[in-house]
Amino acid sequence: MTTTMNSRTHSWAPPTVLPAHFADLTGLEFLQAMLDGKIPPPPIAGTLDFTLTSVEPGIAVFEGQTGEHQYNPLGTIHGGYLATLLDSALGCAVMTTLPAGQAYTTIQLNVNMTRPAFAHTGPLRCEGKTLQVGRTIATAEAKITGSTDGKLYAHATTTCAIFPLR
């Protein structure tokens, strides 16, 4: 049996300490600077082929492109890809509400997949929205829909811890 091999290459800016003036930005300003190309996207975005497309207070939208490189052994897009896309939108939705000097981290992620996605499914749109943001805890919800078919592929909720940057 002859197997054809495919390859995929991507590049990323190495994670570095950002200039001090970025610490003075609110979460929304930071993400907007990323959209404007002033701050490089995180390496995970290139690795998994998704990108932040818009932000506003309490909302973050990502778009991801499906491909065979994301397949699990059964030939569908791996659930970890969907979970990562959801976690990114959820966390960034929370980030849009944070003042300068504050950060967040996911402490709980609940994901529900509703149908399989495939390479031919095409782009997926993931929108995260905050539900409640307090002093130390925030909650949010997100859903992934097909950009071309409008079908729901997965949805999730999160709880994030909010803490001061040191």
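As shown above, the structure is provided for reference.
Keep in mind that this is a model prediction, so the values were computed, not measured.

Colleague: Quick one: what's the story with the overall build of the chain, residue by residue and with numbers?
Modeller: Helix and strand counts for the chain come out as 3 helices and 6 strands. Start at the N end of the chain and walk to the C end: the helices and strands fall as α-α-β-β-α-β-β-β-β. The globule rule puts the C-alpha radius of gyration for 166 residues at 15 Å, and the 17 Å found for the chain is close to it. By its C-alpha atoms, the chain is 55 × 30 × 25 Å across when sized along the principal axes. For the chain, with 166 residues in total, the buried portion stands at 36%. Carbon and sulfur atoms make up 56% of the accessible area of the chain, which totals about 9,300 Å². Positive and negative charge centroids in the chain, built from 9 and 11 side chains respectively, lie 5 Å apart.

Colleague: Could you give an account of helix 3 (residues 79-95), naming the residues involved and the relevant values?
Modeller: End to end, helix 3 covers 24 Å across 17 residues, agreeing with the expected 24 Å (1.5 Å per residue, within 8%). For helix 3, the tally of buried residues reaches 13 of 17 residues, placing the bulk of the element in the interior.

Colleague: I'd love a proper account of helix 1 (residues 27-35), names of residues and values included.
Modeller: Within helix 1, burial applies to Gly27, Phe30, Leu31, Ala33 and Met34. Looking down the long axis of helix 1, one finds its buried residues gathered within 155° of arc, a one-sided arrangement. Looking at the buried residues of helix 1, the elements they touch are strand 1 (50-56) and helix 3. Looking one or two residues past helix 1, Gly37 carries a phi angle of roughly 85°, positive in sign.

Colleague: Outline the sheet that holds strand 5 (residues 137-146), listing residues and values.
Modeller: Picture the strands of a sheet paired through backbone hydrogen bonds; they go either parallel or antiparallel. Read across the open sheet, the 6 strands follow the order 1-2-4-5-6-3; overall the sheet is antiparallel. In this open sheet, the two edge strands, each paired with only one partner strand, are strand 1 and strand 3 (102-113). In this sheet, adjacent strand axes meet at a mean angle of 20° when their direction is disregarded. As paired strands, strand 4 (residues 124-133) and strand 5 are joined by 9 bridges and run antiparallel to one another. Across the sheet, the residue bridging to Leu124 is Gly146, located in strand 5.

About the thresholds
Residues numbered from 1 in each chain as written. Predicted model: local features only at pLDDT ≥ 70, side-chain atom pairs only at ≥ 80, totals over all residues. Heavy atoms only, no water. Helix = DSSP H or I, 4+ residues; strand = E, 2+ residues; numbered from the N terminus. Rg over C-alpha atoms; globule rule 2.2 N^0.38 Å. Buried < 20%, exposed > 50% of the residue type's maximum accessible area, 1.4 Å probe, protein only. Areas by Shrake-Rupley, 256 points an atom, 1.4 Å probe, with all protein chains shown as cover. Lys, Arg positive; Asp, Glu negative; His and termini not counted. Charge placed at Lys NZ, Arg CZ, Asp CG, Glu CD. Expected span 1.5 Å × (residues − 1). Arc of directions from axis to C-beta. Contact = heavy atoms within 4.5 Å. Pairing = 2+ DSSP bridges. Axes fitted to C-alpha atoms, helices over the stretch in contact; angles between N-to-C directions.

Coordinates in, geometry out; function isn't part of it.
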